[in-house]
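Okay, here's what each chain looks like letter by letter:
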Amino acid sequence: MNDYNYQKMLYDKTIQDINAKTEKIQAQDRSLELRLKQLDTEQEALSKEMEAIQDVIKKNVESTFKTFG
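Scope of this entry: the structure provided in the associated data block. Just so we're clear, the structure is a prediction, and the values are computed from it rather than from any experiment.

Focus on the overall build of the chain
(1) Moving on: The helix and strand inventory of the chain stands at 1 helix and 0 strands.
(2) Moving on: Since a compact globule built from 69 residues should have a radius of gyration of about 11 Å, the 30 Å found for the chain marks it as more spread out than a globular shape.
(3) Moving on: Taken along its principal axes, the extent of the C-alpha atoms in the chain is 100 × 10 × 5 Å.
(4) Moving on: Expressed as a percentage of the 69 residues in the chain, the buried residues total 0%.

Things to note about the pattern of salt bridges
(1) Moving on: For the structure shown, the criterion picks out 3 salt bridges.
(2) Moving on: Note that K8 and D12 form a salt bridge whose closest N and O atoms lie 3.2 Å from each other. With K8 and D12 both in helix 1 (residues 2-68) and 4 residues apart, this pair spans about one turn of that helix.
(3) Moving on: Relative accessible area serves as the criterion here: at 39%, K8 is assigned to the partly exposed category.
(4) Moving on: Of the charged contacts in the structure, one is a salt bridge between K48 and E44, with a shortest N-O distance of 3.4 Å. Of this pair, K48 and E44 both sit in helix 1, separated by 4 residues, roughly a single helical turn.
(5) Moving on: On the basis of relative accessible area, K48 is assigned to the exposed category, the value being 52%.
(6) Moving on: For E44, a relative accessible area of 45% corresponds to the partly exposed category.

Some words on a nonpolar patch on the surface
(1) Moving on: Together, I53, I57, V61 and F65 make up a nonpolar patch on the protein surface, roughly 400 Å² of accessible area in all.
(2) Moving on: One can find V61 in helix 1.
(3) Moving on: Classification of V61 by relative accessible area gives partly exposed; the value is 40%.

Some details on the environment of E33
(1) Moving on: Inspection of the secondary structure puts E33 in helix 1.
(2) Moving on: Expressed as a C-alpha distance, the spacing of E33 and E23, which sit 10 residues apart in the sequence, is 15 Å.

What counts, and at which threshold
Residues numbered from 1 in each chain as written. Predicted model: local features only at pLDDT ≥ 70, side-chain atom pairs only at ≥ 80, totals over all residues. Heavy atoms only, no water. Helix = DSSP H or I, 4+ residues; strand = E, 2+ residues; numbered from the N terminus. Rg over C-alpha atoms; globule rule 2.2 N^0.38 Å. Buried < 20%, exposed > 50% of the residue type's maximum accessible area, 1.4 Å probe, protein only. Salt bridge = Lys/Arg side-chain N within 4 Å of Asp/Glu carboxyl O. Patch = residues over 30% accessible without salt bridge, like charges linked within 9 Å, V, L, I, M, F, W, Y side chains within 5 Å. Areas by Shrake-Rupley, 256 points an atom, 1.4 Å probe, with all protein chains shown as cover.

In structure tokens form, the structure reads like this:
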């Protein structure tokens, strides 16, 4: 019976260790998902800003050629 109790204690400890590692990994995953969303938002904002700048440059070039053309 002592062997059974010892084996059960080892099993329970192993399960607790696995659960602790799983929780840590899940926390890291949530953190990485949040960071990914932030990076996606930043990338989208930069893309929109670049498009706006390209439009301004295009309008300025057209305006310049109309002035001298």
